[in-house]
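# Structural overview
Below are the chains, spelled out letter by letter.
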Amino acid sequence: MSSIHEGEHDATNAYQSLSETTAQDDPRWAFGTGFADVEAEISAAVPAGVDPADLAAYCQMLGDDVLVYSQRLAEWVANAPELEEEVALANIALDLLGQARVLLARAGHVEGAGRDEDVLAYLRDQAEFRNVALAEQSDDLDFARCVARLLVFSTWRLALLQRLLGSADPVVAAVAAKGVKELTYHRDYAARWILRLGDGTAESHRRAQAALEWVWPYLGELFRTSVEERRLVAAGVAVDPADTRDEVDGVLDQVLRQATLTRPDLRPTGTVGGRGGRQGLHTERLGLVLAELQSVARAHPGATW
Amino acid sequence: MTATDARSPEAYAREFQATIDADQRIEPRDWMPEAYRKTLIRQIAQHAHSEIIGMQPEGTWITRAPSLRRKAILLAKVQDEAGHGMYLYAAAETLGVDREELTELLVSARQKYSSIFNYPALSYADVGVIGWLVDGAAICNQVPLCRCSYGPYARAMVRICKEESFHQRQGFELLLAMCHGTAAQREMVQESVNRWWWPSLMMFGPADGDSPNTQQSMEWGIKRHTNDELRQRFVDMSVPQAEALGITLPDPDLRWNAERGAHDFGEPDWSEFQAVITGAGPANAQRLAHRRRAHENGAWVREAARAYADKRAKAVSA
């Protein structure tokens, strides 16, 4: 039987902390960003030779992918199969939301029209969003779909961010530096679950294979290069997503093989007159995501929270 | 204590009570009366269930949070609640039950959770008010548990109380921002406080005269203060905070009593309390159905994980 330590009284002084002055500069008030050093760089000059409109568009592409996907992951709160998965999925959603905040703040800054992260997130209509279709799909709270999409998304984004570590834009480079560590964990988490589901029970194998077939048609868009990206590659800011294809395929093939799953042979979803998510042309799902995401903010124009 | 220990059951019981009376901790391998073990399992499990069910009312607002900063704060908070559930189930497991078993008791409605979560969260102000009042009341109840006689529970509570007090301040800070905002935001806060104030007072349980288990729990060092003492402390703590927000607490009988050095306040509607704790509150059925659905939808996933782990174990031993 252990005795109560002398110092333990201090550890339990929750009442005392309640009466402490609210410290607005406590970094935990903005928990989930963790980008303190990046905040200072958001106002950094646009790199020489770069069109600010292209950079703003690129930051929106990278930012919208994770804003919208984070929103989908947050739907899992209080719905996960186990508490460990509650914590992990919320953690992944928080990491991605943190990336989105910095990228949208940078997009707003270089655009120069006075739009901040919240104006961009809450007051744009769907045609102004530049995320890929993969991010906006509903997984209908099917855990197999959840981890199948996470495997594809995190493998692709990790490959992108690894190539963006040396981006000429300091904010993109800083997001990449932090994001590589985060996405490495996300990909590992997803791969472990794909192994368990693929090589678990007959039922989980069937569900995992079906989930791959659900996610696969959205893969093609990830490697299409937009005109803004093409120009920014030349300026040393962006990476050509087409260059990540081999790496992404290699990783996915390796995980699927080990999980005893079959790579689907399905054609990618088509575009409308050559336009897709990067050009603001979305699936029917995004309108519903934004209706929910923006509902409270739009009901209170001019309010601060 | 081992099987060869020849002391009588009475000697064990005396030693147990002496440990408690000396304000020392009971640890998992120590002898304890069966009733003490049962009471603790029930209390810790209910506490764990409350954390998990408590994710629902706030969780429903994550996807609608009106700024990205608020979204991050809320997501992190609800994630913490899942974490608290995990520590508490782990503390209960030291008493010889397992999480799966306790989850079954929850989803089959054989164990309870805090009744406060049987109220609906109807506006974004509710996110702030749940943080301020509900977490505030929870802290009043829980801080004394950091000195609870059962070691694993007490240690889990130290960590949980620290995080809860941070959540309470975040809730208050949201309300402060809203109260400094538009007229519609201030009205939203007042409307929310009007709904949550009385249920928050009910979180301390029935009046002392109607709380049959309090005496035994106090003798066992599981409980340190009576329901009414904690309720008084909560009211006294909340009044100046409400003034700082510029909102009115919905109790015409609330006033400072200089003689007592405490606030006098009105009586909660105990018939509403009875209805909620017996299953007929506004959201009881919804909360339980949600938890049951999530648990059932996850059954094939947990099975797959077990099957995979078994295959790995066989592969290693082969």
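A brief look at the structure comes next.

Conventions we followed
Residues numbered from 1 in each chain as written. Chains lettered and ligands numbered in written order. Predicted model: local features only at pLDDT ≥ 70, side-chain atom pairs only at ≥ 80, totals over all residues. Heavy atoms only, no water. Helix = DSSP H or I, 4+ residues; strand = E, 2+ residues; numbered from the N terminus. Buried < 20%, exposed > 50% of the residue type's maximum accessible area, 1.4 Å probe, protein only. Contact = heavy atoms within 4.5 Å. Areas by Shrake-Rupley, 256 points an atom, 1.4 Å probe, with all protein chains shown as cover. 1 Å grid on protein atoms, 1.4 Å probe; cavity = no way out; pocket = protein on both sides within 12 Å on 5 of 7 lines; lining within 4 Å. Points joined across faces, edges and corners; volume = space filled by probe spheres on them. Expected span 1.5 Å × (residues − 1). Arc of directions from axis to C-beta. Axes fitted to C-alpha atoms, helices over the stretch in contact; angles between N-to-C directions. Parallel < 35°, antiparallel > 145°, perpendicular 65-115°, else oblique. Left-handed = near helix turned anticlockwise from the far one by under 90°. Nonpolar A, V, L, I, M, F, W, Y, C, P; charged D, E, K, R; others polar. Polar contact = N/O pair within 3.5 Å; in protein donor to acceptor, adjacent residues only side chain to side chain. Core = buried A, V, L, I, M, F, W, Y, C linked by side-chain atoms within 4.5 Å. Buried area = accessible area lost by both parts, 1.4 Å probe. Salt bridge = Lys/Arg side-chain N within 4 Å of Asp/Glu carboxyl O.

## Quick notes on the overall build of chain A
From N to C terminus, chain A includes 13 helices and 0 strands. Helices and strands in chain A line up, N terminus first, as α-α-α-α-α-α-α-α-α-α-α-α-α. For chain A, the proportion of its 305 residues judged to be buried stands at 56%. Within chain A, counting contacts between residues at least 6 apart in sequence, those at least 24 apart form 80% of the total. Surface exposure of chain A reaches about 12200 Å², of which carbon and sulfur atoms provide 51%.

## Concerning the layout of surface pockets
Empty pockets left among the atoms are what a rolling probe the size of a water molecule brings to light. All names here are of chain B. Quantified by volume, the largest pocket comes out at close to 1400 Å³. If you go around the largest pocket, you meet 46 residues; those closest to its centre are Gln 46, Asn 141, Met 203, Phe 204 and Gly 205. Mapped onto the lining of the largest pocket, the elements with two or more residues apiece are α2 (34-53), α6 (124-142), α7 (151-179), α8 (183-202), α9 (214-219), α10 (227-245) and α11 (270-280). Tallying contributions element by element places α2 first for the lining of the largest pocket, with 7 residues.

## Side note on helix α12 (residues 284-297) of chain B
Residue and element names in this part refer to chain B. Taking 1.5 Å per residue as the helical rise, α12 with its 14 residues ought to reach 20 Å, and the 20 Å between its terminal C-alpha atoms agrees with that figure. Of the residues making up α12, those classed as buried are Asn 284, Arg 287, Leu 288, His 290, Arg 291, Ala 294 and His 295. One face of α12 carries all of its buried residues, which in axial projection span an arc of 155°. Facing away from the buried side of α12 by more than 90 degrees, the exposed set consists of Ala 285, Gln 286 and Glu 296. Its buried side turned inward, α12 meets α2, α3 (55-59), α5 (99-107), α11 and α13 (299-317).

## A look at the packing of helix α5 (residues 83-111) of chain A against helix α9 (residues 170-198) of chain A
Residues and elements named next belong to chain A. Relative to each other, α5 and α9 sit at 160°, their axes nearing to 11 Å. On the basis of the axis angle, α5 is roughly antiparallel to α9. Judged by the sense of rotation from one axis to the other, the crossing of α5 with α9 is left-handed. Where α5 abuts α9, its residues Glu 85, Ala 88, Leu 89, Asn 91, Ile 92, Asp 95, Leu 96, Gln 99, Val 102, Leu 103 and Arg 106 lie against Pro 170, Val 171, Val 175, Gly 179, Glu 182, Leu 183, Tyr 185, His 186, Tyr 189 and Trp 193. Grouping the amino acids of the contact of α5 with α9 by side-chain chemistry returns 13 nonpolar, 4 polar and 4 charged.

## Points about the side chain of Ser 50 of chain B
Residues and elements named next belong to chain B. For Ser 50, the position within the fold is in helix α2. A polar atom in the side chain of Ser 50 sits 2.7 Å from the backbone nitrogen of Ser 114. When residues no more than four places from it in sequence are discounted, the contact partners of Ser 50 are Tyr 113, Ser 114 and Phe 117.

## Digging into the nonpolar core
By size, the foremost hydrophobic cluster in this structure holds 193 residues, and its most contacted members are Phe 143 and Leu 197 of chain A together with Tyr 36, Trp 132 and Tyr 150 of chain B. In terms of residue count, the dominant contributor to this core is α5 of chain A (16 residues). Beyond its immediate stretch of four places on either side in the chain, Leu 197 of chain A contacts Phe 143, Ala 144, Val 147, Ser 204, His 205 and Ala 208 of chain A together with Trp 300, Val 301 and Ala 304 of chain B.

## Some words on the interface of chain B and chain A
Think of interface size as the accessible area that goes away when the parts come together; that is how it is often given. With 75 residues of chain B at the contact, the number on the chain A side is 69 residues. Here chain B packs against chain A, burying approximately 6300 Å² in sum over the two surfaces, 65% of which is carbon and sulfur. For the interface between chain B and chain A, the tally reads 4 salt bridges. Linking Glu 84 of chain A and Arg 99 of chain B is a salt bridge whose minimum nitrogen-to-oxygen distance equals 2.7 Å.

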